[in-house]
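Working through the structure, step by step
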Amino acid sequence: MGSDPHEALVGRCAAGDVAALAALYDAFGAAAFGLARRMTGNAGRAEAAVEAAFADVWREAGAFDPARERVSAWMLARVHRRALDAVRGAPRPGPGSGAEPAAGAAAGDEREAARTALARLEPEERRVLELAYLDGYTMAELATLLGEPAEAVRLRLQTALANLRGLLVGAHA
Amino acid sequence: VSGGELPLGTAALLSAHALGALEPDEAEEAERLIASSEACRAAFEEALETAAALALATAETEPPPGLRERILEAARRLPPGVDGR
């Protein structure tokens, strides 16, 4: 993925270049805030999560390995982690709240590929992935919610993620 | 995600961890596996990459004004990465 212009920005963050962090914010700030807003259902908590996530990006930039990760996934994983911390032990926005992709949002190739793959995933599989990843349900909570044994939920998540990967990889072929 | 040679239970644990769906004790177990096995680390990274699609597909939302400057101001006060420079 050497063609990703954002890789150099992460490298410059590792060297202490604040302008590079600003450029990453300009590239991913709206995606980060959208994800945190969707997960927390609350603008204030979303803002705190994004602020903490960018501090993590700044601190952890030196450990980023472009051979193993894409910048977008790496950045959003940090936002996800912080927003999940905010969601755990707090009221949930509720399944499916505002999950619909905005048609007008700036859509890079990656965003478009992700939306296409998710749209082609079985609705039940998409739902269980979103309940876990976006709504912050643990497997134990999902088992209660879905009325299934934890082991069944674990396999359901595994299958859904594998099928999503198949759709994403297939899109690149 | 497919886990290759990994037992299905292990692959499922790593997938659930990538989705952030594990209880703390299970998450610790997953972290131990990732730290100790290259195959587990690779499977986990693959699962993370796939899970990122759920983040990428979420609608972008304009962040509140002032957030950008607060982030940059914090960075100016904070030395960069542990081993940076």
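Residues numbered from 1 in each chain as written. Chains lettered and ligands numbered in written order. Predicted model: local features only at pLDDT ≥ 70, side-chain atom pairs only at ≥ 80, totals over all residues. Heavy atoms only, no water.

Right, let's get into the overall build of chain A. Within chain A, the regular secondary structure consists of eight helices and zero strands. Within chain A, the proportion of its 173 residues that are buried is 48%. Across chain A, the fraction of contacts at a sequence separation of at least 24, relative to all contacts at a separation of at least 6, is 64%. Of the roughly 7,300 Å² of accessible surface on chain A, a fraction of 55% belongs to carbon and sulfur atoms. (Helix = DSSP H or I, 4+ residues; strand = E, 2+ residues; numbered from the N terminus. Buried < 20%, exposed > 50% of the residue type's maximum accessible area, 1.4 Å probe, protein only. Contact = heavy atoms within 4.5 Å. Areas by Shrake-Rupley, 256 points an atom, 1.4 Å probe, with all protein chains shown as cover.)

All right, on to empty space enclosed by the protein then. Inspection of the entire model under this criterion finds two cavities of 30 Å³ or more. One number sums up the size of the largest cavity: a volume of about 80 Å³. Together, Arg68(A), Glu69(A), Arg70(A), Ala73(A), Trp74(A), Ala77(A), Glu45(B), Leu48(B) and Glu49(B) line the largest cavity. For the lining of the largest cavity, the secondary-structure elements that each account for two or more residues are helix H4 (71-87) of chain A together with helix H3 (38-56) of chain B. When its residues are assigned to classes, the lining of the largest cavity shows four nonpolar, no polar and five charged. (1 Å grid on protein atoms, 1.4 Å probe; cavity = no way out; pocket = protein on both sides within 12 Å on 5 of 7 lines; lining within 4 Å. Points joined across faces, edges and corners; volume = space filled by probe spheres on them. Nonpolar A, V, L, I, M, F, W, Y, C, P; charged D, E, K, R; others polar.)

With that out of the way, let us pick up the confidence of the model for chain B. Across chain B, the average pLDDT comes to 88, with 88% of residues at or above 70. Interface confidence for the predicted complex, expressed as ipTM, amounts to 0.86; the pTM equals 0.86. (pLDDT = per-residue confidence, 0-100.)

Counted according to the given criterion, the structure contains 23 salt bridges over all chains. Of the charged contacts in the structure, one is a salt bridge between Arg68(B) and Asp26(A), with a shortest N-O distance of 2.8 Å. Taken as a pair, Arg68(B) in helix H4 (residues 67-77) and Asp26(A) in helix H2 (residues 18-40) lie in two separate chains rather than in one. Arg68(B) gets classed as partly exposed once you look at its relative accessible area, which sits at 31%. Under the relative-accessibility criterion, Asp26(A) is labelled exposed at 52%. One network of salt bridges, in which partners are shared, links Asp56(A), Arg59(A), Glu60(A), Arg78(A), Arg81(A) and Arg82(A). (Salt bridge = Lys/Arg side-chain N within 4 Å of Asp/Glu carboxyl O.)

The next thing to look at is the interface of chain B and chain A. Each side of the interface is counted separately: chain B has 51 residues, and chain A has 60 residues. Surface buried jointly by chain B and chain A totals about 5,100 Å² across both partners, of which 64% is contributed by carbon and sulfur atoms. The three residues of chain B that bury the most area against chain A are Leu54(B), Leu56(B) and Glu60(B), which together make up 15% of that side's buried surface. Inspection of the chain B/chain A interface yields nine salt bridges. Its salt-bridge partner being Glu46(B), residue Arg165(A) comes within 3.2 Å of it at the nearest N-O pair. Looking at the side of chain B that touches chain A, the elements that each hand over two or more residues are helix H1 (8-18), H3 and H4 of chain B. Among the residues forming the side of chain B that touches chain A, the class breakdown is 29 nonpolar, eight polar and 14 charged. (Buried area = accessible area lost by both parts, 1.4 Å probe.)

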